Amino acid sequence: MTRIAVVTGANQGIGFALVRGLAARLAPEDLVLLTGRDAGRVASAASAVAADRATRSRVEGRVLDVSDAGAVARFAGEPVDIVLSNAVGPLDPGRPQAEQADVFLDVANGGTHAVLRSFGPVLRPGGRLLVVASSLGTLGHLPEPLRPRFDGVSLDDVEKAVEDWRAAIHDGTARAAGWPDWINVPSKVAQVAAVRAVAAERRDADLADGTLVAAVCPGLVDTRASRPWFSDFSGAQTPDEAARAVLDLVFADVDPATYGELVRFGRVLPWRGGSPRRHEELIG
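Quick notes on the rules
- Throughout this document, residue positions are counted from 1 along each chain, in the order its sequence is written.
- Confidence filtering applies because this is a predicted model: local features only for residues at pLDDT of at least 70, side-chain atom pairs given and counted only at 80 or more, and all residues used for totals across whole chains, interfaces and linings.
- To get the side-chain values, all heavy atoms of the structure are used, and hydrogens and water are removed first.
- Under the DSSP-based scheme used, a helix requires at least four consecutive residues in state H or I and a strand at least two consecutive residues in state E, with every element numbered from the N terminus.
- Multiply 1.5 Å by the residue count of a helix minus one, and that product is the helix's expected span.
- Three labels apply to residues, based on accessible area from a 1.4 Å probe with only protein chains included: buried if under 20% of the type maximum, exposed if over 50%, partly exposed otherwise in between.
- To obtain the arc, one takes the directions from the helix axis to the C-beta atoms.
- In this description, contact between two residues means that some pair of their heavy atoms is separated by no more than 4.5 Å.
- Polar contact criterion, stated in full: a pair of N or O atoms within 3.5 Å, where within protein one must be able to donate a hydrogen and the other to accept it, and residues adjacent in sequence count only if both atoms are side-chain atoms.
- Among buried residues, those of type Ala, Val, Leu, Ile, Met, Phe, Trp, Tyr and Cys that are joined through side-chain atoms within 4.5 Å constitute a nonpolar core.
- What makes two strands pair is DSSP finding at least two bridges between them.
- Think of each axis as a best-fit line through the C-alpha atoms, taken over the contacting stretch in the case of a helix, with angles from 0 to 180 degrees between the N-to-C directions.
- For salt bridges, the criterion is a side-chain nitrogen of Lys or Arg within 4 Å of an Asp or Glu carboxyl oxygen.
- Orientation labels follow simple angle bins: below 35 degrees gives roughly parallel, above 145 gives roughly antiparallel, 65 to 115 gives roughly perpendicular, and whatever is left gives oblique.
- Residue polarity follows a fixed list, in which Ala, Val, Leu, Ile, Met, Phe, Trp, Tyr, Cys and Pro are nonpolar, Asp, Glu, Lys and Arg are charged, and the others, Gly among them, are polar.
- Classification remark: right-handed applies to a crossover when, strands pointing away from the viewer, the course from the first strand over the helix to the second runs clockwise.

1. Details of helix α2 (residues 39-51)
With 13 residues, α2 should cover 18 Å at 1.5 Å per step; its first-to-last C-alpha distance of 18 Å lies within 8% of that length. All of the buried residues in α2 are V42, A45, A46 and V49. Angular distribution of buried residues about the axis of α2 spans 100°; they occupy a single face of the element. In this structure, the buried residues of α2 make contact with α1 (13-25), β2 (31-36) and β3 (58-63). The N-cap residue of α2 is D38: its side-chain oxygen and the backbone nitrogen of G40 are 3.1 Å apart.

Dropping the structure here:
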């Protein structure tokens, strides 16, 4: 049977590396769909992977804007075997974050929610649905009063929390309510919480047929998106290096301990780990 893999945000960085890795590991009859918002970049990236000597499977480019939930639902019309949700919105440290919140949250969080809602039901038994997140996505990075909004809740509840936070950013009350200044932190917590919410509903059935739903942290990766935010890249990985641990999780047998969790280099990061810290401490 032909296996179908979908990677979002895949025309550059770790998304592109994930496509390359999948195409090298899957069989010639399998299909990897490389997706992104810009048609030209998608076509160029798909052609580059297809021409790579290590590529074994078929690779095709598809335009998909994950911030458009309707477009994601239409895209997810057929059964799939592997879904890697990697899309991330731009965030410029030189601009006020409130000005960038809508685009960032629409992609990083709205996109995650749309992928989980639309691809979860069409994931074949034995499939993999992984959301690329961050170690900043553990609950402990939020101040304690905010944690109940993301802990043991439904996907609808996570969406409501994100929208309430968005409104607080725009009306200038976010800091007073305890939301961290760096919007990447609550965004990542919300991504992991969304995965946990969906996984909690389907855990028993998925584990029975070898299906994995999880969040994954690739570690610090030297990309165009991360460069402006971190000062020390001495321990950073290339996108290809970071993709390996994610792909190892895709192709390994399912460990029940990883199901619904945030996994970094094959190990589970405790959901309630981490602690609130200043923006400068997190990115230094």
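After presenting the structure, the write-up continues.
2. Remarks on the nonpolar core
Residues L18, L22, F119, L129, L130 and F150 are the most contacted members of the largest nonpolar core, which totals 93 residues. Of all the elements, helix α6 (residues 184-209) adds the most residues to this core, at 10 residues. Discounting residues that sit within four places of it in the chain, L22 has contacts with A5, V7, V32, S57, I82, L84, L247, V250 and F251.

3. Let's talk about the sheet that holds strand β7 (residues 262-264)
Sheet strands pair by backbone hydrogen bonding; their relative direction is either parallel or antiparallel. The eight strands lie next to each other as β3-β2-β1-β4-β5-β6-β7-β8, forming an open sheet whose pairing is mixed. Two strands bound the open sheet, and with one partner strand each, they are β3 and β8 (267-269). On average, adjacent strands in this sheet sit at an angle of 25° to one another, irrespective of strand direction. Alignment of strand β5 (residues 123-132) against strand β6 (residues 212-217), held across five bridges, turns out to be parallel. Residue pairing for β6: L129 is matched across the bridge by V213. Across the sheet, α6 touches β5, β6 and β7, and the angle it forms with β6 is around 145°.

4. Topic: the pattern of salt bridges
For the coordinates displayed, the defined rule picks out 17 salt bridges. K160 is the salt-bridge partner of D164, the closest N and O atoms lying 2.8 Å from each other. One end of the pair, D164, and the other, K160, are both in helix α5 (residues 155-171), four residues apart, so they sit about a helical turn from each other. Among the ionic contacts, a cluster of salt bridges with common partners joins D102, D106, E163 and R166.

5. Some points on the packing of helix α4 (residues 97-119) against α5
Between α4 and α5, the shortest axis-to-axis distance is 10 Å and the interhelical angle comes to 175°. Here α4 lies roughly antiparallel to α5, going by the angle between them. Note on element contacts: α5 touches α4 through L155, D156, V158, E159, V162, W165, R166, I169 and H170, opposite A98, A101, D102, L105, D106, N109, H113 and R117. For the contact of α4 with α5, a count of residues per class yields eight nonpolar, three polar and six charged.

6. Some details on the pairing of β3
As paired strands, β2 and β3 are joined by six bridges and run parallel to one another. From the neighbouring strand, L34 faces β3, where its bridge partner is G61. As for the winding sense of the linkage, the β-α-β connection from β2 through α2 to β3 is right-handed.

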